[in-house]
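Structural features, examined
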Amino acid sequence: MKIDNSLPLEYSTEENSLKIFGFWIFLGAEIMLFATLFAGYFVLQGRTDGGPGVEIFEITPVLAETILLLTSSFVIGLGIHAMRLGRQKAMMTFFAITLLLGLGFLCVEIYEFKHYVHIGAGIQTSAFTAMLMTTLGTHGAHVTAGLFWGTFIILQVKKRGLTPATANKSFIFSLYWHFLDVVWIFIFSFIYLKGMIS
């Protein structure tokens, strides 16, 4: 395996570059998934069947979720920077903080879901609540998968150190995490904020 030391570690082999390119293609498919969910939500937004509508949105948990996830995106960026400097412990620490922030996000989202069900806005209440929970739940499931994935990345780096392979996996994971943050910005802007000001 030929290593090009003039490139960042995660791009230092041809195989690594191809894996990153392949992951960008995968993210393209993920964009289509979330675009479909958004389209379904916008079509069904007013279909409340006499049940609650966008008035169920509360700014406090939504702001907490947004701050937690956006902060995690900044922190994982610090982790990748530390990785490129060869600072393994700092990189692992930043990744661990990222996962803790992601866990905090999930805890707030679970609280939010329980609140919705408590006030009669469950997944079977109407087409609106079904699409809302499906969209939010799909994003939450991706965050949950990311928590497990990130944990395995940290364990691999701890065991094997910073190699072209572990750097490549870490960088690809960071792309995934940034993608989840971008999706959340769309959820925050076009579902929550749009609903609160309408």
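Please refer to the structure higher up on the page.
Predicted, not measured: the structure shown is a model, and the values here were computed from it. What you see as residue numbers is a count from 1 along each chain, following the sequence as written. Only residues with pLDDT of at least 70 are given local features in this predicted model, and only at 80 or more are side-chain atom pairs given and counted; all residues enter the totals for whole chains, interfaces and linings. As a convention, hydrogens and water are excluded, and side-chain values are obtained from all of the structure's heavy atoms.

**Digging into the environment of Met-133**
Along the chain, Met-133 turns up in helix H4 (residues 127-160). For the exposure calls, accessible area comes from a 1.4 Å probe over protein chains only, and a residue counts as buried if that area is under 20% of its type's maximum, exposed if over 50%, partly exposed in between. Residue Met-133 is classed as buried on the basis of its relative accessible area, which comes to 8%. Measuring from C-alpha to C-alpha, the distance between Met-133 and Ile-80 comes to 33 Å, with 53 residues separating the pair along the chain. Any two residues whose heavy atoms approach within 4.5 Å at even a single point are treated as in contact. What Met-133 contacts, discounting residues up to four positions off in sequence, is Phe-113, Tyr-116, Val-117, Ala-121, Gly-122 and Ile-123. In this description a helix means any DSSP run of H or I spanning at least four residues, a strand means any run of E spanning at least two, and both kinds are numbered starting from the N terminus.

**Focus: the packing of H4 against helix H5 (residues 164-197)**
In this description, a line fitted to the C-alpha atoms serves as the axis of each element, helices being fitted only across the stretch in contact, and the angle between N-to-C directions of two axes falls anywhere from 0 to 180 degrees. Close contact between H4 and H5 brings their axes to 10 Å; oriented N to C, the two are set at 160°. Put simply, H4 runs roughly antiparallel to H5. The two elements H4 and H5 meet at a crossing, and its hand is left-handed. Gly is placed with the polar residues, together with every amino acid not listed as nonpolar (Ala, Val, Leu, Ile, Met, Phe, Trp, Tyr, Cys and Pro) or charged (Asp, Glu, Lys and Arg). The residue inventory of the contact of H4 with H5, partitioned by class, reads 18 nonpolar, 8 polar and 2 charged. Roughly parallel here means an angle under 35 degrees, roughly antiparallel means over 145, roughly perpendicular means 65 to 115, and every remaining angle is called oblique. By convention, the crossing between two helices is left-handed when the near helix turns anticlockwise from the far helix through less than a right angle, and right-handed when the turn is clockwise.

**Re the environment of Ser-12**
By secondary structure assignment, the location of Ser-12 is in the segment before helix H1 (14-44). For the pair Ser-12 and Thr-93, spaced 81 residues apart in sequence, the C-alpha separation works out to 24 Å.

**Focus on the packing of helix H3 (residues 88-118) against H4**
The geometry of H3 relative to H4 is characterised by a closest axis approach of 10 Å and an angle of 155° between their N-to-C directions. On the basis of the axis angle, H3 is roughly antiparallel to H4. With respect to the hand of their crossing, H3 and H4 are arranged in left-handed fashion. In terms of residue class, the contact of H3 with H4 is built from 19 nonpolar, 9 polar and 2 charged.

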